[in-house]
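Chain by chain, the residues:
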Amino acid sequence: MQRYSRITGWGMYVPERRLTNFDLEKMVDTSDKWIVERTGIRERRIIGPGETTRTMAVAASRRALEVAGIEPIDLDLIIAATSSPDHLLPTVATQIQADLGAVGVPAFALVAGCTGFMYGLVVAHQFIASGAYDRVLVIGAETISKAVNWEDRTTCVLFGDGAGAVVVEASQTPGGLMSFELGADGRDWDALMIPAGGVAHPPDMEMIEKKLYTIRMNGRAVFRFATRVMTEASRRVITQAGLTPDDIALLIPHQANLRIIEYAAKKLGFPMDRVMVNIDRYGNTSTASIPIALVEALEQGRIKPGDNVVMVGFGAGLTWGAVVWHWQPVETDTAAILVEDWPIPQRLQSSLRRVRTQAWNARVALSEKATLALIPLYTWTHRLKKKVPRPSLPPIVKKK
Ligand code: ACO
């Protein structure tokens, strides 16, 4: 039985705080006119107190799960794409998992620059198509504002914070991911990078003084790369899916620069009314940009059941990724429809996995409680064990 992927839930989160081009005029030598003309950006969102990549990802994921109508514990896998995790260790994916209340569900982070969400979507599809998993949460979340040098006008005007997430579920209805291309050209790894903070240059005074923990970018090189791969990868996935650009209802490109988007659309022969653009309001939110644009396109009614959508991105690495996604109708109770249609062994397997996960969670919770309760007992037995046995004295030999 062929298995397809279906996006059944979607959600996004952007911080309240807006940073406009006019605000930036007061911070660096720039102008609203330059930023709008060269990038199309008018404002971006910046995290507020208490907000991080983790909190934004959790907010977007909760919304996606709500739309899909499933509980976090029903997930089989969580993939969190980000280049700005809360900590270098552990992965932000497990923090998100715990916050969602999905303890036991495997979770990992994926780093592929701004292309991370595209890589995540394709990985999710592979797990579903192989029959390994039925429900995967894919997140793109980024706090690039913390990795930007706010004195460098060539980069600080470009980026913003935000998160988007989708629930991808197994389906028997043909559709979902029809074709994909993932790519990387590591020769230009230094065209967009954070020079220090990793093991190649661990944190030191030089890193602080020269702000080597912030993004360095060869803007022109990235621009050239982006215009080329966006066009070529989109063209290839459309052909691979057996379609033509006319069959594509909407192009959802990575929102890095309006000029890059317009160039790619023109080369592909897409009129701009079939291209999703929201860069003016959010700037470049890196790997969150495509899921945020997808969510807004859905909320604006720009994607309908039966539509073919191209999502295409590029980013640090340098990496790129593109997919053609056939939008299936979203049934009200996908899980029920799915399970009821399955053959008995698969139905049993699904129920078993659910029971196993719940049992595992219950066991973990119980053992945590038990450990707390047993602490005094451990201390007592430890003391007992530590007691040195009384040495047996040699028999007293009376002197005569
Ligand atoms: N305000 C005013 N002037 C500026 C600014 C600014 N914010 N930034 C640069 N300039 C100046 C430059 O100093 C330069 O001046 P000069 O001619 O006197 O030397 C002039 O503007 C032109 O600079 P360019 O770099 O040639 O400008 P360009 O038109 O190439 O635009 C930009 C720069 C917007 C960065 C563009 O190259 C671009 O978008 N590149 C792609 C970047 C990108 O997509 N990055 C994200 C990758 S995804 C990820 O993984 C995070």
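Residues numbered from 1 in each chain as written. Predicted model: local features only at pLDDT ≥ 70, side-chain atom pairs only at ≥ 80, totals over all residues. Heavy atoms only, no water.

So, the side chain of Thr 155
Stage number 1. Mapped onto the fold, Thr 155 is located in helix α6 (residues 153–156).
Stage number 2. By relative accessible area, which is 1% here, Thr 155 ends up buried.
Stage number 3. At a separation of 3.0 Å, a polar atom in the side chain of Thr 155 contacts the side chain of Asp 152.
Stage number 4. Other than its neighbours up to four places away in sequence, Thr 155 contacts Asn 149, Ile 215 and Met 217. (Helix = DSSP H or I, 4+ residues; strand = E, 2+ residues; numbered from the N terminus. Buried < 20%, exposed > 50% of the residue type's maximum accessible area, 1.4 Å probe, protein only. Polar contact = N/O pair within 3.5 Å; in protein donor to acceptor, adjacent residues only side chain to side chain. Contact = heavy atoms within 4.5 Å.)

Comments concerning the site of the ligand
Stage number 1. Contacts to the ligand come from 25 residues, most closely from Thr 30, Arg 38, Cys 114, Arg 220 and Asn 257.
Stage number 2. In this structure, an oxygen atom belonging to the ligand sits 2.8 Å away from a main-chain N or O atom of Ala 316.
Stage number 3. With respect to the pocket detection grid, the ligand is positioned in the second largest pocket.
Stage number 4. Looking at the shell around the ligand, the elements that each hand over two or more residues are α2 (32–39), α6, α8 (219–240), α9 (258–268) and β12 (308–315).
Stage number 5. At four residues, the largest contribution of residues to the shell around the ligand is made by α8.
Stage number 6. Broken down by class, the residue content of the shell around the ligand amounts to 12 nonpolar, eight polar and five charged. (Near = heavy atom within 4 Å. 1 Å grid on protein atoms, 1.4 Å probe; cavity = no way out; pocket = protein on both sides within 12 Å on 5 of 7 lines; lining within 4 Å. Sits in = over half its atoms within 2 Å of the grid points. Nonpolar A, V, L, I, M, F, W, Y, C, P; charged D, E, K, R; others polar.)

A word on the sheet that holds strand β1 (residues 4–13)
Stage number 1. In space, the five strands of this open sheet follow the order β1-β7-β6-β4-β5, with mixed pairing throughout. The sheet is open, and its two edges are formed by β1 and β5 (107–110), each paired on a single side. On average, each strand axis in the sheet is inclined to that of its neighbour by 20°, with strand direction left out of account.
Stage number 2. Alignment of strand β4 (residues 77–81) against strand β6 (residues 135–142), held across five bridges, turns out to be parallel. By the bridge assignment for β6, Ala 80 is matched with Ile 139.
Stage number 3. Across the sheet, helix α3 (residues 53–68) lies against β1, β6 and β7 (162–171), angled at about 130° from β1, the strand it touches most.
Stage number 4. Each of β1, β4, β5, β6 and β7 touches helix α5 (residues 116–129); the most contacted strand, β6, lies at about 170° to it. (Pairing = 2+ DSSP bridges. Axes fitted to C-alpha atoms, helices over the stretch in contact; angles between N-to-C directions.)

With respect to the layout of surface pockets
Unfilled space is identified by rolling a water-sized probe across the atoms.
Stage number 1. Taken as a whole, the largest pocket encloses approximately 1200 Å³ of empty space.
Stage number 2. In this structure, the largest pocket is lined by 34 residues; those nearest its centre are Ser 83, Ser 84, Pro 85, Ala 147 and Ile 194.
Stage number 3. When the residues that make up the lining of the largest pocket are grouped by side-chain class, the tally is 19 nonpolar, 12 polar and three charged.
Stage number 4. Around the second largest pocket, the lining is made up of 25 residues, and of these Trp 34, Thr 154, Leu 158, Met 217 and Gly 219 lie nearest the centre. (Points joined across faces, edges and corners; volume = space filled by probe spheres on them.)

Digging into the sheet that holds strand β8 (residues 176–184)
Stage number 1. Ordered in space as β8-β13-β12-β11, the four strands form an open sheet in which the pairing is mixed. Each having just a single partner strand, β8 and β11 (250–253) make up the two edges of the open sheet. Here the average twist between neighbouring strands, direction ignored, is 10°.
Stage number 2. Pairing geometry for β11 and β12, over four bridges, is parallel. Opposite Ile 252, over in β12, you have Met 311 as the bridge partner.

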